[in-house]
Amino acid sequence: NGLMDALAGGVFGAPFGRRQEVNSDRLGSVYIAKVGYDTHGLANALYRLKDFGAGRSGRHYGTIEDRVKEALEYQKKKGFGEPAGVKLAERYRERCLEPLKAALSSQGVNF
């Protein structure tokens, strides 16, 4: 058990370098925009992580605000600067709830 804990701590507990974290945020923000989600989705996710205490351990580089700023600036540089796209709630409603309602309605179940 001790060996497994040490291995897991070394692999999963090792922080990435600043460059990897910045690149991850940048690319993630562009990927989100390219697939049609809200361009501020990554920013919103990072702020939610901050609300849960992320960034206090010293394992990440910069503040959440700095990471958001960097990612949004990169996104804008790549042509995805304006808040746009489908939000997860909209996509869920469109692709899951509406078809479910239609299927249930066709069987006489209304809600």
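Whatever comes next refers back to the structure up there.
Structure report, in brief.

### Re the environment of Arg48
Phase 1 of the analysis: Its place among the elements puts Arg48 in helix H3 (residues 41–51).
Phase 2 of the analysis: Arg48 sits in the exposed class, given a relative accessible area of 57%.
Phase 3 of the analysis: Once the C-alpha coordinates of Arg48 and Ile64 are considered, the two residues, 16 residues apart in sequence, prove to be 9.9 Å apart.

### Describing the environment of Glu73
Phase 1 of the analysis: Assignment of secondary structure puts Glu73 in helix H4 (residues 64–77).
Phase 2 of the analysis: Of the residues examined, Glu73 reaches a relative accessible area of 45% and is grouped as partly exposed.
Phase 3 of the analysis: Through-space distance from the C-alpha of Glu73 to that of Arg26 is 8.6 Å; in sequence the pair is 47 residues apart.

### Describing the layout of surface pockets
Phase 1 of the analysis: Considered as a void within the structure, the largest pocket measures approximately 210 Å³ in volume.
Phase 2 of the analysis: Along the walls of the largest pocket sit Ile32, Tyr37, Asp38, Gly41, Leu42, Asn44, Ala45, Arg48, Val86, Lys87 and Leu88, which together make up its complete lining.
Phase 3 of the analysis: Looking at the lining of the largest pocket element by element, the count peaks at five residues for H3.

### A look at empty space enclosed by the protein
Phase 1 of the analysis: Under the counting rule described, the total for this entry stands at one cavity of 30 Å³ or more.
Phase 2 of the analysis: In this structure, the largest cavity spans a volume of roughly 30 Å³.
Phase 3 of the analysis: Those elements that place two or more of their residues in the lining of the largest cavity are helix H2 (18–34) and H4.
Phase 4 of the analysis: Looking at the lining of the largest cavity residue by residue, the class counts come to one nonpolar, no polar and five charged.

### A closer look at the nonpolar core
Phase 1 of the analysis: Core analysis: the biggest nonpolar cluster contains six residues, these being Leu42, Ala43, Leu46, Ile64, Val68 and Ala71.
Phase 2 of the analysis: Those elements that provide at least two residues to this core are H3 and H4.
Phase 3 of the analysis: Leaving out residues up to four positions away in the same chain, Leu46 has contacts with Ile64, Arg67 and Val68.

What counts as what
- Residues numbered from 1 in each chain as written.
- Predicted model: local features only at pLDDT ≥ 70, side-chain atom pairs only at ≥ 80, totals over all residues.
- Heavy atoms only, no water.
- Helix = DSSP H or I, 4+ residues; strand = E, 2+ residues; numbered from the N terminus.
- Buried < 20%, exposed > 50% of the residue type's maximum accessible area, 1.4 Å probe, protein only.
- 1 Å grid on protein atoms, 1.4 Å probe; cavity = no way out; pocket = protein on both sides within 12 Å on 5 of 7 lines; lining within 4 Å.
- Points joined across faces, edges and corners; volume = space filled by probe spheres on them.
- Nonpolar A, V, L, I, M, F, W, Y, C, P; charged D, E, K, R; others polar.
- Core = buried A, V, L, I, M, F, W, Y, C linked by side-chain atoms within 4.5 Å.
- Contact = heavy atoms within 4.5 Å.

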